[in-house]
Amino acid sequence: MAVFLTRGGAPWTPAYLLSIDQTKCIGCGRCFKVCSRAVMSLKGVTEDDELVDADPDGDDDEEFLRKVMVVADAGNCIGCGACARVCPKGCQRHGEG
């Protein structure tokens, strides 16, 4: 377990994004917008239940049943937890990684 110090000297343990529950995710993009590390990606769910790239601006909404966020590059996560704080559905799982 990695423990670091904040600027003020308090101990801080990062909680890395491990997964996103796609059954809870509404594809709102809030987590994507607060993450500056390109950890997540927006995907569209097709009629065949396949995940394909989606436009974050919503220009392709009618092509999909719904949209969901997926973990695109977990190695970029710094464990800040900003994505979990803005998620209205609590669909992200964090841990030591």
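See the structure printed just above.
What counts and how
Residues numbered from 1 in each chain as written. Predicted model: local features only at pLDDT ≥ 70, side-chain atom pairs only at ≥ 80, totals over all residues. Heavy atoms only, no water. Helix = DSSP H or I, 4+ residues; strand = E, 2+ residues; numbered from the N terminus. Buried < 20%, exposed > 50% of the residue type's maximum accessible area, 1.4 Å probe, protein only. Contact = heavy atoms within 4.5 Å. Areas by Shrake-Rupley, 256 points an atom, 1.4 Å probe, with all protein chains shown as cover. Salt bridge = Lys/Arg side-chain N within 4 Å of Asp/Glu carboxyl O. Core = buried A, V, L, I, M, F, W, Y, C linked by side-chain atoms within 4.5 Å. 1 Å grid on protein atoms, 1.4 Å probe; cavity = no way out; pocket = protein on both sides within 12 Å on 5 of 7 lines; lining within 4 Å. Points joined across faces, edges and corners; volume = space filled by probe spheres on them. Pairing = 2+ DSSP bridges. Axes fitted to C-alpha atoms, helices over the stretch in contact; angles between N-to-C directions.

The next subject is the overall build of the protein. Counting its regular elements, the protein contains two helices and seven strands. Summarising its shape, the C-alpha atoms of the protein cover approximately 50 × 20 × 20 Å along the three principal directions. Of all 97 residues assigned to the protein, the portion counted as buried reaches 32%. By sequence separation, contacts in the protein at least 24 residues apart represent 61% of the contacts at least 6 residues apart. A total accessible area of about 6,300 Å² is found for the protein, and carbon and sulfur atoms account for 49% of it.

What follows is about the environment of Glu47. By the element assignment, Glu47 lies in the loop between strand E4 (40-45) and strand E5 (51-53). According to the relative accessible area criterion, Glu47 is exposed, its value standing at 73%. Sequence separation between Glu47 and Phe4 is 43 residues; the distance between their C-alpha atoms is 45 Å.

Moving on to the pattern of salt bridges. Across all of its chains, the model carries one salt bridge by this definition. Here Lys43 and Asp53 are joined by a salt bridge, their closest N and O atoms 2.5 Å apart. Here Lys43, found in strand E4, pairs with Asp53, found in strand E5; they are 10 residues apart in sequence, far enough to count as distant. Under the relative-accessibility criterion, Asp53 is labelled exposed at 57%.

Attention now goes to the nonpolar core. Among the nonpolar cores identified, the biggest contains 17 residues, and Leu17, Ile20, Cys25, Met40 and Met69 are the most heavily contacted of them. Listed by contribution, the elements that provide at least two residues to this core are strand E3 (16-20), E4 and strand E6 (66-71). With near-sequence residues (within four places) excluded, Ile20 lies in contact with Cys25, Met40, Met69, Val70, Val71, Cys91 and Gln92.

Below, the discussion takes up empty space enclosed by the protein. Evaluation of the coordinates by the stated rule reveals one cavity of 30 Å³ or more. The calculated volume of the largest cavity comes to roughly 60 Å³. Around the largest cavity sit 13 residues that line it, and Cys25, Cys28, Cys31, Cys87 and Cys91 are the ones nearest its centre.

Right, let's talk about the sheet that holds E6 for a bit. A sheet is described by the order of its strands in space; here three strands give the open sequence E5-E4-E6, paired in antiparallel fashion. Every interior strand has two partners, whereas the edge strands, E5 and E6, have only one. Direction aside, the axes of adjacent strands within the sheet are offset by 50 degrees on average.

Don't take any of this as a statement about function, it's just geometry.
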